[in-house]
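Observations on the model geometry
Given next are the chains, with one letter for each unit.
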Amino acid sequence: MIVLGIETSCDETAAAVVDETGHPTRPWRVKSNIIASQADIHREWGGIVPELSARQHVRDICGVVERALAEAQADRYDAIAVTQGPGLVGSLLVGLSFAKSLAWARGVPLIPVHHLAGHIESLVLDHGELPLPAVILVVSGGHTSLYRVEARGRYELLGRTRDDAAGEAFDKIAKLLGLGYPGGPAIDRVAREGNDTAVRFPKTRLKHADRNAPELPGRRDFSFSGLKTSVLRYVTLRRGELGLAEADPLPRKDVVDIAASFQRVVVESLLDGLFDAARWYDAHSVGIAGGVSANSRLRADAVVRGAARGIPVAVPGLSLSTDNAAMIAAAGLRRFRSGYVGSLDINADASLALT
Ligand code: KG4
Ligand code: ZN
């Protein structure tokens, strides 16, 4: 079975062709994976502008899908998998409407996919099926969530951020430090020059249960807004100490030390949550997916912690860590093979739940 995947939930227009191998642990093969990034458009505004994103998806989608089919040398496909949510509703609508029209015109099934199911299945594209039960951290610009996978294709939420997503915190702190957009890769780069214990930012420990979340033993939530405020307060104090005028940039040494110290706290918080949950649920493997999984410190520290505990760690290769459509096609194949048949009257859902 050959699946065309389409993803437009945020600021990347993506299409991919994925087929099945018949192999029990390496079930899918990526034939093409095309991504048109809008980063240059949003950089000017210091963050994603939803209206501009939706309009750019409209411009790019035909070309991106054509390239994905051409590169895969696919003159036919058996189904279309598309991100239904969560994401920016205007952006989601472009991919979903396009996919619906194509499915109708070609007479092939449409498989709606949850964006985070895509991130989770991206791990399988690179590593093969994970030993179960697995605990997966999905960490991106919009999400910081922990899932348990006990049966393939079934995802149980174990915890999530109460406020900012980790990627959002990276982006905001990068902006504060004058490092530009997107902020995650910029902080990752400069943090290598910095001293990560130069500034002692506090790690948030959540004491109270989240009244809006289901009661779950071993629930692990995250919070990054306190850290963001600490960094902001520190930068304001430091600028005062140095007598800087409003337009003056912080000295390079301060920027790299703050970036490294901030990154250390984020990475430790994420890995504490992931490995605590893994121990609680006796996981046989852990995974990290989503844009922030590209972070070099997070990847390196995860491998070290996994080795210390004798638990395999899966992190996707860089081309599959940020938003892409190969992961959507893979999650679509999983869903289709479990007996799910989509209908053409589905709608985009900006806050779709993963169940
Ligand atoms: O998964 P993704 O491409 O899109 C969303 O669904 O949000 O993730 C984008 C996020 C951005 O916040 C970006 O700053 C962050 O991932 N990111 C990183 C790195 N590369 C991307 N954060 C930290 N370190 C990186 N190397
Ligand atoms: Zn994503």
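Source: prediction; values computed, not measured.

Looking now at the pattern of salt bridges. Taken as a whole and judged by the stated rule, the model has 27 salt bridges. For Arg337, the salt bridge goes to Glu20, with nearest N and O atoms at 2.7 Å. Of this pair, Arg337 sits in helix H11 (residues 326-337) while Glu20 sits in strand S2 (residues 12-20), and the two are 317 residues apart along the sequence. A residue is classified by how much of its surface remains accessible, and Arg337, at 53% relative accessible area, is exposed. Ionic contacts of the salt-bridge type, sharing partners, join the residues Lys203, Arg264, Glu268, Asp272 and Arg305 into one network.

On to empty space enclosed by the protein, then. Inspection of the entire model under this criterion finds one cavity of 30 Å³ or more. In this model, the largest cavity occupies a volume close to 90 Å³. Contributing to the lining of the largest cavity are 13 residues, with Ile120, Glu121, Val124, Val149 and Arg334 lying nearest its centre. Secondary structure elements with two or more residues in the lining of the largest cavity: helix H4 (115-127) and strand S6 (134-139). Residue contributions to the lining of the largest cavity peak at three residues, all from H4. Looking at the lining of the largest cavity residue by residue, the classes come out as eight nonpolar, one polar and four charged.

In terms of nonpolar packing, the biggest core is built from 46 residues, with Phe262, Leu270, Leu274 and Ile288 touching the most fellow members. Those elements giving two or more residues to this core turn out to be S6, helix H5 (166-176), helix H6 (183-191), helix H7 (225-242), helix H8 (252-280), strand S9 (285-289) and helix H9 (296-309). Of the residues forming this core, the biggest block, 15 residues, is contributed by H8. Aside from chain neighbours lying at most four places away, what touches Leu270 is Leu137, Val139, Thr144, Ala166, Phe222, Phe224 and Leu298. Ile120, Ala134, Ile136 and Ile328 belong to the second largest nonpolar core, which has 34 residues in total.

What follows concerns the coordination of the zinc ion (ligand 2). With distances of 2.1 to 2.2 Å, the protein atoms coordinating the zinc ion (ligand 2) are His115 (NE2), His119 (NE2) and Asp323 (OD). Here the donor residues for the zinc ion (ligand 2) map to a single chain with the spacing H-x3-H-x203-D. Taken together, the residues His115 in helix H4 and Asp323 in the loop between helix H10 (318-321) and H11 connect sequence positions 208 residues apart.

Here we take up the site of ligand 1. Taken together, 18 residues lie near ligand 1, and Gly141, Asp171, Gly184, Asp188 and Gly291 sit nearest. Asp188 places a polar side-chain atom, nitrogen or oxygen, 2.9 Å from a nitrogen atom of ligand 1. In isolation ligand 1 has 560 Å² of accessible area, and contact with the protein removes 89% of it. Those elements that provide at least two residues to the shell around ligand 1 are H4, H5 and H6.

Attention now moves to the packing of H8 against H9. The interhelical angle for the contact between H8 and H9, taken along N-to-C directions, is 35°, at an axis separation of 10 Å. Seen along the crossing, H8 lies across H9 with a hand that is right-handed. On H9, the residues that touch Gln263, Arg264, Val267, Glu268, Leu270, Leu271, Asp272, Phe275 and Arg279 of H8 are Arg297, Leu298, Asp301, Ala302, Arg305, Gly306 and Arg309. Partitioned by chemical class, the residues of the contact of H8 with H9 number six nonpolar, two polar and eight charged.

If you check the domain split of the protein, you get domain 1 (2-120 + 321-337) and domain 2 (131-311). Centre-to-centre separation of domain 1 and domain 2, based on C-alpha positions: 27 Å. Residue-level contacts link 16 residues of domain 1 with 17 residues of domain 2. At the surface where domain 1 touches domain 2, the tally comes to zero salt bridges. Between domain 1 and domain 2 we count four residue pairs in polar contact (both at pLDDT 80 or more) in total. Among the elements of the structure, helix H1 (39-43) and H4 are those that each provide at least two residues to the side of domain 1 that touches domain 2. At four residues, H4 tops the list of elements feeding residues into the side of domain 1 that touches domain 2. A breakdown of the residues in the side of domain 1 that touches domain 2 according to their chemical character gives seven nonpolar, six polar and three charged.

About the cut-offs
- Residues numbered from 1 in each chain as written.
- Chains lettered and ligands numbered in written order.
- Predicted model: local features only at pLDDT ≥ 70, side-chain atom pairs only at ≥ 80, totals over all residues.
- Heavy atoms only, no water.
- Salt bridge = Lys/Arg side-chain N within 4 Å of Asp/Glu carboxyl O.
- Helix = DSSP H or I, 4+ residues; strand = E, 2+ residues; numbered from the N terminus.
- Buried < 20%, exposed > 50% of the residue type's maximum accessible area, 1.4 Å probe, protein only.
- 1 Å grid on protein atoms, 1.4 Å probe; cavity = no way out; pocket = protein on both sides within 12 Å on 5 of 7 lines; lining within 4 Å.
- Points joined across faces, edges and corners; volume = space filled by probe spheres on them.
- Nonpolar A, V, L, I, M, F, W, Y, C, P; charged D, E, K, R; others polar.
- Core = buried A, V, L, I, M, F, W, Y, C linked by side-chain atoms within 4.5 Å.
- Contact = heavy atoms within 4.5 Å.
- Donors = N, O, S within 2.8 Å, 3.2 Å for Na, K, Ca; no water.
- Near = heavy atom within 4 Å.
- Polar contact = N/O pair within 3.5 Å; in protein donor to acceptor, adjacent residues only side chain to side chain.
- Areas by Shrake-Rupley, 256 points an atom, 1.4 Å probe, with all protein chains shown as cover.
- Axes fitted to C-alpha atoms, helices over the stretch in contact; angles between N-to-C directions.
- Left-handed = near helix turned anticlockwise from the far one by under 90°.
- Domains from an automatic or database assignment.

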